[in-house]
Amino acid sequence: MEPILAAEDISKTYCTPQGRVPALESISFQVSEGEFFCLVGPSGCGKTTLLRILGGLLAPTEGAVYFRGEPLSSPCRQIGFVFQKANLMPWRTVLKNVTLPLEIQGLKATEAQARAQELLKLVGLDGFGRVYPHQLSMGMQQRVALARALVHDPAILLLDEPFASLDALTRERMNLELLRIWEARRKTVVMVTHSIQEAVFLADRVLV
């Protein structure tokens, strides 16, 4: 079966005033549709760089990324991204933060709000649509970010250590919530983490 996402000989070198800094060298792997795939490694090993390349946010120095067999060189609506920080707009309510991608697409307000309400319910935030980000805990803010990434129904969800800043108990609870959401929607997930325990608990496969 054709993989939904494939990295072929990905290398990335950054040019700095101090010289060239290699971040990745000849990385190749494939991700199947519906798979939960984790990338594990210590801080500074290039995990986030690789994830940004997979999402079309950063161009590799060498190699290529393929989405459903086609080269990927720029951001794609079929790929959702959740960063380490929620990056919510503080002047918009939770509901308005989630509807933002749909507003950009020009979807009718009533349909956008209906989709957003459905996603907020999925992530356990039903009834919080009218509050603002500063009124939420960090774990709840990450749930909003997750709902925002899912609202336009992407085929792939890229997660860049979304729970790294949470305390241990909240992080474990969010891992359980993430599995529940994945089982409900069956999206293809590629998640970066430095936690071996988290990767083994969540993933079908782990790339170290």
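Residues numbered from 1 in each chain as written. Predicted model: local features only at pLDDT ≥ 70, side-chain atom pairs only at ≥ 80, totals over all residues. Heavy atoms only, no water.

## Topic: a negative patch on the surface
Turning to step 1, where the next piece is worked out: Together, Glu8, Asp9, Glu25 and Glu62 make up a negatively charged patch on the protein surface.
Turning to step 2, where the next piece is worked out: Within the secondary structure, Asp9 sits in strand S1 (residues 5-16). (Patch = residues over 30% accessible without salt bridge, like charges linked within 9 Å, V, L, I, M, F, W, Y side chains within 5 Å. Areas by Shrake-Rupley, 256 points an atom, 1.4 Å probe, with all protein chains shown as cover. Salt bridge = Lys/Arg side-chain N within 4 Å of Asp/Glu carboxyl O. Lys, Arg positive; Asp, Glu negative; His and termini not counted. Charge placed at Lys NZ, Arg CZ, Asp CG, Glu CD. Helix = DSSP H or I, 4+ residues; strand = E, 2+ residues; numbered from the N terminus.)

## Some thoughts on the side chain of Asp160
Turning to step 1, where the next piece is worked out: By the element assignment, Asp160 lies in strand S7 (residues 156-160).
Turning to step 2, where the next piece is worked out: For the buried Asp160, no salt bridge exists, and the shortest N-O distance to an oppositely charged side chain is 5.2 Å, to Arg52. (Buried < 20%, exposed > 50% of the residue type's maximum accessible area, 1.4 Å probe, protein only.)

## With respect to the sheet that holds strand S3 (residues 36-40)
Turning to step 1, where the next piece is worked out: Here 5 strands make up an open sheet; going across it, the order is S6-S7-S8-S3-S9 and the pairing parallel. The open sheet is flanked by strand S6 (79-82) and strand S9 (205-207), the only strands paired with a single partner. Strand-to-strand twist in this sheet, taken as the mean axis angle between neighbours without regard to direction, amounts to 20°.
Turning to step 2, where the next piece is worked out: Two elements, S7 and strand S8 (residues 188-193), share 5 bridges in a ladder whose sense is parallel. Across the sheet, the residue bridging to Leu158 is Val190, located in S8.
Turning to step 3, where the next piece is worked out: Taken strand by strand, helix H5 (residues 168-185) contacts S3, S7 and S8, and its axis lies near 160° from that of S8. (Pairing = 2+ DSSP bridges. Axes fitted to C-alpha atoms, helices over the stretch in contact; angles between N-to-C directions. Contact = heavy atoms within 4.5 Å.)

## Quick notes on the pattern of salt bridges
Turning to step 1, where the next piece is worked out: In this structure the tally under the stated criterion is 9 salt bridges.
Turning to step 2, where the next piece is worked out: Arg68 is paired through a salt bridge with Glu33; the nearest N and O atoms lie 3.2 Å apart. Remark: Glu33 occurs in the loop between strand S2 (19-31) and S3 and Arg68 occurs in the loop between strand S4 (62-67) and strand S5 (70-72); sequence separation between them is 35 residues.
Turning to step 3, where the next piece is worked out: Linking Asp153 and Lys187 is a salt bridge whose minimum nitrogen-to-oxygen distance equals 2.3 Å. Of this pair, Asp153 sits in the loop between helix H4 (138-150) and S7 while Lys187 sits in the loop between H5 and S8, and the two are 34 residues apart along the sequence.

## Examining the sheet that holds S4
Turning to step 1, where the next piece is worked out: Strand order in this open sheet of 4 strands is S2-S1-S4-S5, and the pairing throughout is antiparallel. Each edge of the open sheet is held by one strand with a lone partner, namely S2 and S5. Adjacent strand axes in the sheet meet at a mean angle of 35°, parallel and antiparallel pairs treated alike.
Turning to step 2, where the next piece is worked out: Bridging between S1 and S2 involves 9 bridges; their strand directions are antiparallel. Residue pairing for S2: Thr13 is matched across the bridge by Pro22.
Turning to step 3, where the next piece is worked out: Relative to the sheet, helix H1 (residues 47-54) contacts S1, S2, S4 and S5, its axis offset from that of S1 by approximately 120°.

## Some details on the packing of aromatic side chains
Turning to step 1, where the next piece is worked out: Counted according to the given criterion, the structure contains 3 aromatic pairs.
Turning to step 2, where the next piece is worked out: Taken together, a centroid distance of 5.2 Å and an interplanar angle of 15° make the contact between Phe29 and Phe37 stacked. Exposure class is identical for Phe29 and Phe37. Each is buried.
Turning to step 3, where the next piece is worked out: Lying over the aromatic face of Tyr14, Lys12 brings its terminal NZ or CZ to 5.5 Å of the ring centre.
Turning to step 4, where the next piece is worked out: A cation sits over an aromatic face here: Arg186 above Trp182, 4.1 Å from the ring centre. (Phe/Tyr/Trp six-rings, centres within 6.5 Å; stacked < 30°, edge-to-face > 60°. Lys NZ or Arg CZ within 6 Å of the ring centre and 35° of its normal.)

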